[in-house]
Amino acid sequence: ITVKTGQFDIIRASVISITDDQRLQMLLVGFSFGAFLEGAAGFGAPVAITGALMIGLGFKPLEAAKLALIGNTAPVAFGSLGTPLTTLADITGLDLLSLSAMVGRQLPLFSLIVPFWLVAAQVGWRGMLGVWPACFVTGASFGVMQFVMSNYHGPWLVDIVSAVVAMASLVLFMKLWKPQA
């Protein structure tokens, strides 16, 4: 695979300007940005793109693939603009907004857990403990918005809005808090 380094240099510099800690980069890119891509594009694109971005940030290729897949578990139920749920509603004849609300009541708990699991898979449980507040902020902000959007709007923008709120929350939190080594 041939990749022009200039494209990744801009993204790499942007992420590193926020944090040079790979655990936090994982939360920004592997979880939050991946969720944004899942909501906008879906169909495998988020894993491929975030995996490549993480390799550009210095992650080993196999590790980047593993972490991109784990990070994609929370947003994949709503997929590309709600495609999994709109398809399910069409096939079953069930009410789309009721389906969206029911998934949105179950998934936020997993959305809270995934950032912790993601960082633990990357650096182990002790390494995760150094950034647990950031894991909590990321997962909680994503999960709360996932609940709100799925219950009061529908399945279409759940991942996009939740991801933007999670990224913004994490960046703002990192302005006030620095991780332990």
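If you're wondering where the values come from, they're calculated on a predicted model, not measured in any experiment. (Residues numbered from 1 in each chain as written. Predicted model: local features only at pLDDT ≥ 70, side-chain atom pairs only at ≥ 80, totals over all residues. Heavy atoms only, no water.)

## Digging into the overall build of the protein
Helix and strand counts for the protein come out as eight helices and zero strands. Starting at the N terminus, the α and β elements of the protein follow one another as α-α-α-α-α-α-α-α. The globule rule puts the C-alpha radius of gyration for 181 residues at 16 Å, and the 16 Å found for the protein is close to it. Overall, the C-alpha framework of the protein stretches about 50 × 35 × 25 Å when taken along its three principal axes. (Helix = DSSP H or I, 4+ residues; strand = E, 2+ residues; numbered from the N terminus. Rg over C-alpha atoms; globule rule 2.2 N^0.38 Å.)

## A short note on the packing of aromatic side chains
A complete count under the given rule lists three aromatic pairs for this structure. Relative to Phe36, the ring of Phe33 lies with its centre 6.3 Å away and its plane at 15 degrees, an arrangement referred to as stacked. Within this pair, Phe33 and its partner Phe36 are both found in helix H2 (residues 22–40), separated by three residues, close to a single helical turn. Classification of Phe33 by relative accessible area gives partly exposed; the value is 26%. (Phe/Tyr/Trp six-rings, centres within 6.5 Å; stacked < 30°, edge-to-face > 60°. Buried < 20%, exposed > 50% of the residue type's maximum accessible area, 1.4 Å probe, protein only.)

## Observations concerning the side chain of Gln122
Following the sequence through the fold, Gln122 ends up in helix H6 (residues 96–129). Residue Gln122 is classed as buried on the basis of its relative accessible area, which comes to 12%. Residues within four places of Gln122 in sequence aside, it is in contact with Gln22, Arg23, Met26, Phe59, Glu63 and Leu67. (Contact = heavy atoms within 4.5 Å.)

## Section: the side chain of Ser141
Tracing the chain through its elements places Ser141 in helix H7 (residues 132–152). A polar contact is formed between the side chain of Ser141 and the backbone oxygen of Val137, at a distance of 2.7 Å. From its side chain, Ser141 meets the backbone oxygen of Thr138 in a polar contact 3.2 Å long. Those residues in contact with Ser141, other than ones at most four positions away along the chain, are Phe136, Val165, Ala166 and Ser169. (Polar contact = N/O pair within 3.5 Å; in protein donor to acceptor, adjacent residues only side chain to side chain.)

## A closer look at the pattern of salt bridges
According to the stated counting rule, one finds one salt bridge in the structure shown. Notably, a salt bridge pairs Arg23 with Asp21, separated by 2.7 Å at the nearest N-O pair. In terms of burial, Arg23 and Asp21 fall into one category: buried. (Salt bridge = Lys/Arg side-chain N within 4 Å of Asp/Glu carboxyl O.)

## Looking at the environment of Met54
On the secondary structure map, Met54 appears in helix H3 (residues 45–56). Given a relative accessible area of 0%, Met54 falls into the buried group. In sequence terms Met54 and Val148 are 94 residues apart; their C-alpha atoms lie 30 Å from each other. Discounting residues that sit within four places of it in the chain, Met54 has contacts with Met26, Val29, Gly30, Phe59, Ala64, Leu67 and Ala68.

## Quick notes on the nonpolar core
Ranked by internal contacts, the top residues of the largest apolar core, which has 19 residues, are Met54, Phe59 and Phe142. For this core, the secondary-structure elements that each account for two or more residues are H2, H3, helix H4 (61–71), H6 and helix H8 (158–176). Each residue touching Phe59, except ones within four places of it in the same chain, is listed here: Gln22, Gln25, Met26, Met54, Ala64, Leu67 and Gln122. In this structure, Val119, Met128, Val131 and Trp177 belong to the second largest nonpolar core, which totals 13 residues. (Core = buried A, V, L, I, M, F, W, Y, C linked by side-chain atoms within 4.5 Å.)

## Details of the environment of Ser162
By the secondary structure assignment, Ser162 is in helix H8. Counting along the chain gives 93 residues from Ser162 to Leu69, while the straight-line C-alpha distance between them is 18 Å. If we skip the residues at most four places from it in the chain, Ser162 touches Phe142, Met145 and Gln146.

Function cannot be inferred from these measures alone, as they are strictly geometric.
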